[in-house]
Amino acid sequence: MTLAIIVHGGAKTVPGEKVEANHAGCLAAVEAGWTVLRAGGSAGEAVEAAIRVLESDQTFNAGFGSTLNSEGGVEVDAAMMEGEKLSWGAVAAVQGVLHPISAARKLMDDKPRLLVAQSAERFAADHGIEMCAKEDLISEEQQQEWEEEKEVVDRPNTVGCVALDAKGILVAGTSTGGTTGQPQGRVGDTALVGCGLYADNHLGACSTTGDGESIIPVVLAKTAIDFLKGDTHPDDAARMAINSLVERVEGEAGCIVLDPQGRVGWAYNSSDMVVGYMTAEMDQPVTFIKKEEEQKKEEQLQSV
Ligand code: ASP
């Protein structure tokens, strides 16, 4: 059985000075997840490990460094789904939880599986998930942006990961600080199965990013997975899913897709999308900010 992992750091515009940090963060996340898979760990463990790296990195809009809401606070959403039993867990509008993806993963074994606000925070604390002061998740850069009310040029960068383990189990996870200046209590697509993520061992798994209010009505992650039927390549399925969003609603979005054969794909209609991946067939992980970079590299490889 093949192993594979793909991560994203959001569909957005990456300003020049943040290019390096985005590549480095995605690479570190892929490596963390890949280490778990190579050691025989489960796809769930790998996705959690990769997303925890991104949640710790203030380059990304998840965990520490999340974008601030209208009240100047960090309120985050995260979810995980696995493709064998279709188990899932999610938290939304939570504060003071260092790694919301770990709380979401814990909820996969439980009922209820989606908890919000204080109830999610209580669950996390009761289950040994690292807690922190609400303010500890606010980075200096985000605080400054909020105080200056700067026009947001780069869309916040939600993170996600999809992995395939040695047992053939596919898992998807997504984590976000939401949208800049969002009203307190606003919940986007990230915590919603079918919208922010989906996993089905028979077809594939997907994590999305972008305008939650546009992703939700087209059920973007499940739409991408449905396009995999009939052995469609994940890259084509991802593109078709984004096209179907563009046809029906306004907004920017992106998605990463992995199938049971370990084939990866992604698509977006934002100007950039940070993506990194590693599969059993590769010598080392790769990361991209613009997809054309990959196409050029492939062309170069073929011409050698
Ligand atoms: N999808 C996230 C949300 O709407 C934001 C993002 O991906 O940029 O909360």
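Provided above is the structure to which this section pertains.
Now for a quick tour of the structure.

Cut-offs applied
Residues numbered from 1 in each chain as written. Predicted model: local features only at pLDDT ≥ 70, side-chain atom pairs only at ≥ 80, totals over all residues. Heavy atoms only, no water. Helix = DSSP H or I, 4+ residues; strand = E, 2+ residues; numbered from the N terminus. Buried < 20%, exposed > 50% of the residue type's maximum accessible area, 1.4 Å probe, protein only. Salt bridge = Lys/Arg side-chain N within 4 Å of Asp/Glu carboxyl O. Contact = heavy atoms within 4.5 Å.

As for unusual backbone geometry
Leave glycine aside and you will find that most residues have negative phi; peptide bonds, for their part, are mostly trans.
Phase 1: Although it is not a glycine, Leu86 sits at a positive phi angle of roughly 60 degrees.
Phase 2: By the secondary structure assignment, Leu86 is in the loop between strand 2 (76-82) and strand 3 (88-94).
Phase 3: A positive phi angle, near 45 degrees, is found at Val219, a position not held by glycine.
Phase 4: Looking at Val219, the relative accessible area reads 34%, which means it is partly exposed.

Considerations on the pattern of salt bridges
Phase 1: Scanning all chains against the criterion turns up 10 salt bridges.
Phase 2: Arg52 is the partner of Glu130 in a salt bridge, and the nearest nitrogen-oxygen pair spans 2.6 Å. On the criterion of sequence distance, the pair formed by Glu130 in the loop between helix 4 (117-126) and helix 5 (140-148) and Arg52 in helix 2 (residues 43-56) is long-range, its members being 78 residues apart.
Phase 3: Measuring nitrogen to oxygen at the nearest pair gives 3.6 Å for the salt bridge that ties Lys229 to Asp226.
Phase 4: By relative accessible area, which is 29% here, Asp226 ends up partly exposed.
Phase 5: Sharing partners across several salt bridges, the network here consists of Lys222, Asp226 and Lys229.

Some remarks on the environment of Asp110
Phase 1: Structurally, the position occupied by Asp110 is in the loop between helix 3 (100-107) and strand 4 (114-116).
Phase 2: Asp110 gets classed as partly exposed once you look at its relative accessible area, which sits at 28%.
Phase 3: Along the primary structure Asp110 and Ile289 are separated by 179 residues, whereas in three dimensions their C-alpha atoms are 37 Å apart.
Phase 4: Setting aside residues up to four positions removed in sequence, Asp110 forms contacts with Phe123 and His127.

Nothing here speaks to function; it is all geometry.
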